[in-house]
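# Topology and contacts: notes
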Amino acid sequence: MENSYSFCDLHSHILPGMDDGCQTVDESVQVLRSCYEQGIRKICATPHYYPVESVDEFLARRDASAQELHKALEKETMPVPKICLGAEVAYRPGICYQEDLDKLCIGSSQYLLLEMPFHQWGEEVIRTVRGISNVRGITPILAHIERYLPMQEKEVLERLLDQEILVQMNAARLLHFATRGQARRLLINGTVQLLSSDCHNNTSRPQNISQAVAYLQKKGMDAVLEELSRRSRRIFREATGEK
Ligand SMILES: [Fe+2]
């Protein structure tokens, strides 16, 4: 099912053998085909980055994986989305001072997809996230915010979200009866500005933006969809330098 909005998917794990996403080149090609069939023409590959390796080691591994995939795609007759390279960077205290942090931004943009710590956030987290934007001039995109909301204090959350950051939600949140009401509210009240798939494969964590779009259309949220889509395209343009 193709959706009628030109969403760029800014969060995915489609590179082969990089993390818990696609494991083989063949699987990556299959997932990319599914993305295209759902109307995704542009996608950011954002494999997990943990500081168990240097940034340069990670980038070398990522580039090798991307090259292997591109080689396979050259033989592909079916269309697939255009790919831009990025990372999903694990938060750690002091990350705002990491010298080569900008190398982990999405493409050539100054947007960094940030995986937040899975505990209650406090002053240090607020300071660090603020440092990424204020000290480094990098705009953090908080990945899948929905995972962290239940454990956060309202006041801390408000102060964090009040900064120069963007907030991303996974499309899956809009597909489950138990979570979609809250997910819709997060879009309507502006807490969330980006909708991505965070797809890992074609089975347990598939591309699902088109289903989320269909649901939001059914709920009459076309203006929100237009804004979400426009923002994703703008970031992709900045990441790739395309007009
Ligand atoms: Fe992810």
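We now turn to the structure provided with this report. (Residues numbered from 1 in each chain as written. Predicted model: local features only at pLDDT ≥ 70, side-chain atom pairs only at ≥ 80, totals over all residues. Heavy atoms only, no water.)

The next subject is the sheet that holds strand β3 (residues 48–49). What the six strands build is an open sheet, ordered β3-β5-β6-β7-β8-β9; its pairing is parallel. In this open sheet, the two strands that pair with only one neighbour each are β3 and β9 (194–196). With two bridges connecting them, β3 and strand β5 (residues 88–90) associate as parallel partners. Paired with Y49 across the strands is V89, a residue of β5. (Pairing = 2+ DSSP bridges. Helix = DSSP H or I, 4+ residues; strand = E, 2+ residues; numbered from the N terminus.)

What follows deals with the pattern of salt bridges. Considering all chains together, one arrives at 15 salt bridges under this definition. A salt bridge links R33 to E76, with the nearest nitrogen and oxygen atoms 2.7 Å apart. Of this pair, R33 sits in helix α1 (residues 25–37) while E76 is found in the loop between α2 (55–74) and β4 (82–85), placing the two residues 43 residues apart along the sequence. (Salt bridge = Lys/Arg side-chain N within 4 Å of Asp/Glu carboxyl O.)

This next bit is on the packing of aromatic side chains. The geometry of an aromatic ring pair comes down to the distance between the two centres and the angle between the two planes. Applying the stated criterion across every chain, the model contains three aromatic pairs. Look at Y49 and F58: their rings are 5.1 Å apart centre to centre, the planes differ by 65°, and that puts the pair in the edge-to-face class. Take Y49 and F58: they sit in the same class, and that class is buried. Each ring, one from W121 and one from Y148, has its centre 5.4 Å from the other, and the planes form 45°; the classification is tilted. Separated by 27 residues along the polypeptide, W121 in the loop between β6 (111–115) and α3 (123–134) and Y148 in the loop between β7 (139–142) and α4 (154–161) bring together distant segments of the chain. Every member of this aromatic cluster is reached through a ring pair, and the members are F118, W121 and Y148. Directly above the aromatic system of Y36 lies the positively charged group of R41, at a separation of 3.7 Å from the ring centroid. (Phe/Tyr/Trp six-rings, centres within 6.5 Å; stacked < 30°, edge-to-face > 60°. Buried < 20%, exposed > 50% of the residue type's maximum accessible area, 1.4 Å probe, protein only. Lys NZ or Arg CZ within 6 Å of the ring centre and 35° of its normal.)

Moving on to the nonpolar core. Where a protein is soluble and globular, its nonpolar side chains tend to be buried together. Counting 65 residues, the largest nonpolar core has F7, L104, L114, M116, W121, L174 and L195 as the members making the most contacts within it. Of the residues forming this core, the biggest block, six residues, is contributed by α2. Every residue in contact with M116, bar those within four places of it in the chain, is listed here: Y91, W121, V125, V129, L142, Y148 and L160. With 14 residues, the next largest nonpolar core counts I106, L113, L166 and A239 among its residues. (Core = buried A, V, L, I, M, F, W, Y, C linked by side-chain atoms within 4.5 Å. Contact = heavy atoms within 4.5 Å.)

Before going further, it helps to examine the packing of α3 against α4. Where α3 meets α4, the axes come as close as 10 Å, and the angle between the chain directions of the two elements is 10°. Classified by the angle between their axes, α3 and α4 sit roughly parallel to one another. Residues E123, V125, I126 and V129 of α3 touch α4, and the partners they reach there are V156, R159 and L160. Looking at the contact of α3 with α4, its residues break down into five nonpolar, no polar and two charged. (Axes fitted to C-alpha atoms, helices over the stretch in contact; angles between N-to-C directions. Parallel < 35°, antiparallel > 145°, perpendicular 65-115°, else oblique. Nonpolar A, V, L, I, M, F, W, Y, C, P; charged D, E, K, R; others polar.)

The expected angle between donors at a tetrahedral four-coordinate metal is 109.5 degrees. At an octahedral six-coordinate metal it is 90 or 180 degrees. Taken together, H11 (NE2), H13 (NE2), E88 (OE) and D198 (OD) make up the protein donors of the iron ion, found 2.1 to 2.3 Å from the metal. Metal-centred angles of 79 to 162° between the four donor atoms at the iron ion mark the site as irregular. Positions of the donor residues of the iron ion along the chain correspond to the pattern H-x1-H-x74-E-x109-D. Of this pair, H13 sits in the loop between β1 (8–9) and α1 while D198 sits in the loop between β9 and α6 (209–218), and the two are 185 residues apart along the sequence. For H13, a relative accessible area of 1% puts it in the buried group. Among the residues examined, D198 registers a relative accessible area of 2% and is labelled buried. (Donors = N, O, S within 2.8 Å, 3.2 Å for Na, K, Ca; no water. Tetrahedral: all angles 85-135°; square planar, octahedral: opposite > 155°, others 65-115°.)

Along helix α5 (residues 180–188), the residues classified as buried are A183, L186 and L187. When α5 is viewed along its axis, its buried side chains cluster within an angular range of 100° and face the same direction. Set apart from the buried face of α5 by more than 90 degrees, the exposed residues are R185 and I188. Buried positions along α5 lie against β8 (166–170), α6 and α7 (222–240). Looking one or two places after α5, you find G190, whose phi comes out positive at around 85°. (Arc of directions from axis to C-beta.)

Nothing here speaks to function; it is all geometry.
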